[in-house]
Amino acid sequence: MRARIALAAAAVAVSGLGVAPGGAGVALAQPDVSAGTVTAPFSQTWRRCDFSKFAYTGPRAYGRLVGQFRVEAGEVVADLQMATGVPNTPYDVRVIQLPRSSAESCHAGAPGVLAGTLFTDAAGSGAVTVRGPIASGATGVWASVTRPSPFSHTPAEFYTTDFILSL
């Protein structure tokens, strides 16, 4: 076991990647959307408004999402595409600007939150473009796509970008 840990540490050192404070993981640079279009994958992770993860909440569905993010004329623009979603279904989309407290709301209409709806077709595919002004003091952005549950506060499906994009 110690050999595996040493080998992993050596691989990180050789690759030139830094270790995050406290040795929690590898620190990677955040892609900068102001420099051009950045493609971001989504995973089935449910997050708070400050991008922290909810514990003990795992994947529930099979949708596949990807987004392209960019800045145009002082606005953040997110082009999202979904495949293998639930056919003929609306999904709530939020593009959330950071920094923000985990106690702050990130519902549609909240400051620094851009919202839209992605509708899937009969095959479960869909696309939407969400755009709006960059909030004062915003340094990053990420996106959340959810399908509300009629019986729970936890969404029936949830997908979020895998990382925060710098503005």
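So, how was this worked out
Residues numbered from 1 in each chain as written. Predicted model: local features only at pLDDT ≥ 70, side-chain atom pairs only at ≥ 80, totals over all residues. Heavy atoms only, no water. Buried < 20%, exposed > 50% of the residue type's maximum accessible area, 1.4 Å probe, protein only. Helix = DSSP H or I, 4+ residues; strand = E, 2+ residues; numbered from the N terminus. Pairing = 2+ DSSP bridges. 1 Å grid on protein atoms, 1.4 Å probe; cavity = no way out; pocket = protein on both sides within 12 Å on 5 of 7 lines; lining within 4 Å. Points joined across faces, edges and corners; volume = space filled by probe spheres on them. Nonpolar A, V, L, I, M, F, W, Y, C, P; charged D, E, K, R; others polar. Core = buried A, V, L, I, M, F, W, Y, C linked by side-chain atoms within 4.5 Å. Contact = heavy atoms within 4.5 Å. pLDDT = per-residue confidence, 0-100. Polar contact = N/O pair within 3.5 Å; in protein donor to acceptor, adjacent residues only side chain to side chain.

A. Expanded view of the pairing of strand 3 (residues 38–43). Residue alternation in strand 3 divides its side chains into a buried set, V38, A40 and F42, and an unburied set, T39, P41 and S43. Taken together, the four bridges between strand 3 and strand 4 (residues 64–72) define a ladder with antiparallel strand orientation. Its bridge partner lying in strand 4, A40 is registered against G67. Two strands pair when backbone bridges link them, and strand 3 and strand 10 (residues 157–161) are joined in this way by two bridges, in the antiparallel orientation. Bridged to S43 within strand 10 is T160.

B. Quick peek at empty space enclosed by the protein. If you walk through the whole model with that rule in mind, you get one cavity of 30 Å³ or more. Its boundaries defined by the atoms lining it, the largest cavity holds a volume of some 30 Å³. What lines the largest cavity is W46, R47, R94, I96, C106, W142 and S144. Put simply, the parts of the chain that give the lining of the largest cavity at least two residues each are strand 6 (90–98) and strand 9 (140–147). A class-by-class count of the residues in the lining of the largest cavity yields four nonpolar, one polar and two charged.

C. Geometry of the nonpolar core. In terms of nonpolar packing, the biggest core is built from 22 residues, with F69, L80 and V145 touching the most fellow members. Listing elements by their share of this core, those giving two or more residues are strand 3, strand 4, strand 5 (75–83), strand 6, strand 7 (113–119), strand 8 (126–133) and strand 9. Here this core gets four residues from one element, more than from any other, and that element is strand 5. Ignoring any residue separated from it by four or fewer positions in sequence, one finds V145 in contact with F42, L65, L80, Y91, D92, V93, E157, F158 and Y159.

D. View of the confidence of the model for the chain. Of the residues in the chain, 83% reach a pLDDT of 70 or more, and the chain-wide mean stands at 84. Residue range residues 1–27 is modelled with pLDDT below 50. Its contacts to residues more than four positions away, or to other chains, number twelve contacts.

E. Spatial organisation of unusual backbone geometry. Cis geometry is found at the peptide bond from L98 to P99, where omega equals 5 degrees. Among the secondary structure elements, P99 is positioned in the loop between strand 6 and strand 7. With a phi close to 65 degrees, Y56 is a non-glycine residue in the positive phi region. Even without glycine at this site, T84 takes up a positive phi of about 55 degrees.

F. A look at the side chain of T120. Among the secondary structure elements, T120 is positioned in the loop between strand 7 and strand 8. Using a relative accessible area of 7% as the deciding quantity, one classes T120 as buried. Of the polar contacts made by the side chain of T120, one reaches the backbone oxygen of V86; its length is 2.5 Å. Polar side-chain contacts of T120 include one of 3.1 Å to the backbone nitrogen of N88.

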